[in-house]
Amino acid sequence: MKSFDDIDLGDGLKQNIRRCNYIKPTQVQRHSIPITVFSWDLMACAQIGSGKTNAFCFPIICGFSNDPSLGAGRGGIGNVVPCPLVVFPLFWLLPWSCLVR
């Protein structure tokens, strides 16, 4: 994966990636996004600022937008109600997190 256009992340997500001025994926993103988009297990480590959070979140967002059945249930038909579990290994990251219910 040499650019974010090389893999199907959905039009909405790709638009937002462009809005954030992400031109080409970092090394951890280049290797992990294709693995996680296909729902394979992955464990990776990389230095701070290397793009691990986006490498983790882009496939989750892609999965929600590509599976209409995820919109049913608590939020009603057509409303996406994501339920991923995000574990913060570093306490100082908690203030920048957002809890989704």
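Residues numbered from 1 in each chain as written. Predicted model: local features only at pLDDT ≥ 70, side-chain atom pairs only at ≥ 80, totals over all residues. Heavy atoms only, no water.

S.K.: Quick question: what am I supposed to make of the overall build of the protein chain here?
M.R.: Counting its secondary structure elements, the protein chain contains three helices and zero strands. Taken from the N to the C terminus, the helices and strands of the protein chain come in the order α-α-α. For the protein chain, the proportion of its 101 residues judged to be buried stands at 21%. Total accessible area on the protein chain is roughly 7,800 Å²; 60% of this is exposed by carbon and sulfur atoms. (Helix = DSSP H or I, 4+ residues; strand = E, 2+ residues; numbered from the N terminus. Buried < 20%, exposed > 50% of the residue type's maximum accessible area, 1.4 Å probe, protein only. Areas by Shrake-Rupley, 256 points an atom, 1.4 Å probe, with all protein chains shown as cover.)

S.K.: What should I look at first to understand the UniProt feature "domain: DEAD-box RNA helicase Q" (unreviewed entry) in the protein chain in this one?
M.R.: Residues annotated by UniProt as "domain: DEAD-box RNA helicase Q" (unreviewed entry) correspond here to residues 2-30. Strand forms 0% of residues 2-30 and helix 45%; the C-alpha atoms that close the span are 7 Å apart. (UniProt positions renumbered as here; feature names shortened; annotations may be inferred.)

S.K.: Before we go on, may I ask you to explain the pattern of salt bridges in this structure?
M.R.: A side chain with one charge can pair with a side chain of the opposite charge if their charged atoms come near. The final tally for this structure, using the stated rule, is one salt bridge. A salt bridge links Arg18 to Asp5, with the shortest nitrogen-to-oxygen separation between them at 3.7 Å. Residue Arg18 is located in helix H1 (residues 11-19), and its partner Asp5 is located in the segment before H1; the two are separated by 13 residues in the primary sequence. (Salt bridge = Lys/Arg side-chain N within 4 Å of Asp/Glu carboxyl O.)

S.K.: What should I look at first to understand the nonpolar core in this one?
M.R.: The nonpolar side chains of a soluble globular protein tend to be buried, and buried together. Listed in full, the nine residues of the largest apolar core are Phe4, Ile7, Leu9, Leu13, Ile17, Ile33, Ala55, Phe58 and Cys62. Contributions of two or more residues to this core are made by H1 and helix H3 (52-66). A total of three residues in this core trace back to one element, the largest contributor, which is H3. What Cys62 contacts, discounting residues up to four positions off in sequence, is Asp8, Leu9 and Leu13. (Core = buried A, V, L, I, M, F, W, Y, C linked by side-chain atoms within 4.5 Å. Contact = heavy atoms within 4.5 Å.)

S.K.: How do you make sense of unusual backbone geometry when you look at a structure like this?
M.R.: Trans peptide bonds make up the majority, and among non-glycine residues the majority have a negative phi. For Asn21, which is not glycine, the phi torsion reads 60° and is therefore positive. Following the sequence through the fold, Asn21 ends up in the loop between H1 and helix H2 (27-37).

S.K.: How should the packing of aromatic side chains be read in this particular structure?
M.R.: Centre distance and the angle of the planes are the two values used to describe a pair of aromatic rings. A full pass over the atoms with the stated rule returns three aromatic pairs. Ring geometry for Phe4 and Phe58: centres 5.8 Å apart, planes at 75°, overall edge-to-face. One end of the pair, Phe4, is in the segment before H1; the other, Phe58, is in helix H3, with 54 residues separating them in the sequence. Summarising the aromatic geometry, the rings of Phe38 and Trp40 are spaced 5.7 Å apart at their centres and angled 35° between planes, so their arrangement reads as tilted. Classification of Trp40 by relative accessible area gives exposed; the value is 56%. (Phe/Tyr/Trp six-rings, centres within 6.5 Å; stacked < 30°, edge-to-face > 60°.)

S.K.: Sorry, what's going on with H1 here?
M.R.: The α-helix winds at 3.6 residues per turn, so residues separated by three or four positions along the chain end up facing the same way. Looking only at H1, the buried set comprises Leu13, Lys14 and Ile17. Angularly, the buried residues of H1 cover 100° about the axis, an arc narrow enough to put them on a single face. What points out from H1, more than 90 degrees from its buried face, is the exposed set Asp11 and Arg19. Asn21 sits one or two residues past H1 and shows a positive phi near 60°. (Arc of directions from axis to C-beta.)

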